[in-house]
Amino acid sequence: MSREQLAQEIIEAGRFLYGRGWSPATSSNYSTRLAAGQALLTVSGKHKGQLGQDDVLATDLDGNSLEPGKKPSAETLLHTQLYRWKSEIGAVLHTHSVNATVLSRLTPGDHLVLEDYELQKAFSGVTSHEGRIIVPIFDNDQDIARLAAKVQPWLDDHPECVGYLIRGHGLYTWGPRMSDALRQIEAFEFLFECELKVRAIINR
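For clarity, every value in this text was computed on a predicted model and none was experimentally measured.

Conventions we followed
Residues numbered from 1 in each chain as written. Predicted model: local features only at pLDDT ≥ 70, side-chain atom pairs only at ≥ 80, totals over all residues. Heavy atoms only, no water. UniProt positions renumbered as here; feature names shortened; annotations may be inferred. Helix = DSSP H or I, 4+ residues; strand = E, 2+ residues; numbered from the N terminus. Core = buried A, V, L, I, M, F, W, Y, C linked by side-chain atoms within 4.5 Å. Buried < 20%, exposed > 50% of the residue type's maximum accessible area, 1.4 Å probe, protein only. Salt bridge = Lys/Arg side-chain N within 4 Å of Asp/Glu carboxyl O. Polar contact = N/O pair within 3.5 Å; in protein donor to acceptor, adjacent residues only side chain to side chain. Contact = heavy atoms within 4.5 Å.

Asks: For the UniProt feature "domain: Class II aldolase/adducin N-terminal" (unreviewed entry) in the protein chain, give the residues involved together with the corresponding values.
Replies: What UniProt calls "domain: Class II aldolase/adducin N-terminal" (unreviewed entry) maps, in this numbering, to residues 8–196. Across residues 8–196 one finds 34% helix and 23% strand; the C-alpha atoms that close the span lie 34 Å apart.

Structure below.
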């Protein structure tokens, strides 16, 4: 795809995710792989429901802007480390939904387990509801390089990982194409809502 086409995918993803309430205001960031060693990311501080062609920028996989005058998201390294991790990843989405934020705060320990849900099959590589999806939860950290250093060992040890949560912050997920990443966002959000409702009933 051309840069313009990839940027349009990001714009459309922003409109969809903002419309669902999963990327309020200027929160969240999205990216696509632009070339083997480059990513196209949303610039910092832009309203995700109102993105335009000029609201993305190219970076290298060290997170450095390749376009003078444009500031990449503070969380760029969390995107580029995923492109380094697996060459087949073509898009990364980070959202700030209420469900992801609340569930990550309520879940003790360092991971959330999703199991026996039919919709687990929406995740890449999952063919049965009978398995377990383990979603790691990392404590929020304003030092993104330090946070990325905590995420990497988990990714290396769990090549099947399809997403992770940052506590009190939001969700990261990815896929070969933007459509795959969007599908996984929808699946995660459905499952997060189910988990919250189950916990509410149990704790009555």
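The structure having been displayed, the exposition proceeds.
Asks: Could you give an account of the nonpolar core, naming the residues involved and the relevant values?
Replies: By size, the foremost hydrophobic cluster in this structure holds 36 residues, and its most contacted members are L93, L112, L114, L165, F188 and F192. Secondary-structure elements contributing two or more residues to this core are helix 1 (3–19), strand 4 (91–95), helix 3 (98–106), strand 5 (111–115), strand 6 (132–138) and helix 5 (178–202). If you tally residues by element for this core, the top one is helix 5, at 10 residues. Core analysis: the second largest hydrophobic core is formed by 23 residues, L57, V92, I144 and L155 among them.

Asks: Tell me about the pattern of salt bridges, and name the residues and values.
Replies: Pairs may arise between side chains of opposite charge once their charged atoms sit close together. Summed over the entire model, instances satisfying the criterion amount to 14 salt bridges. Among the ionic contacts, a cluster of salt bridges with common partners joins R3, D54, E67 and K70.

Asks: Give me the UniProt feature "binding site: Zn(2+)" (unreviewed entry) in the protein chain: which residues, what numbers.
Replies: The UniProt record annotates "binding site: Zn(2+)" (unreviewed entry) at H94 and H96. One polar contact links H94 to E75, side chain to side chain, over a distance of 3.1 Å. Following the sequence through the fold, H96 ends up in the loop between strand 4 and helix 3. The class of H96 is partly exposed, set by a relative accessible area of 22%. If sequence neighbours within four positions are ignored, H96 has contacts with W22, P24, S27, S28, T101, H169 and G170. Here H94 takes part through its side chain, which lies 3.1 Å from a polar atom of the side chain of H96.

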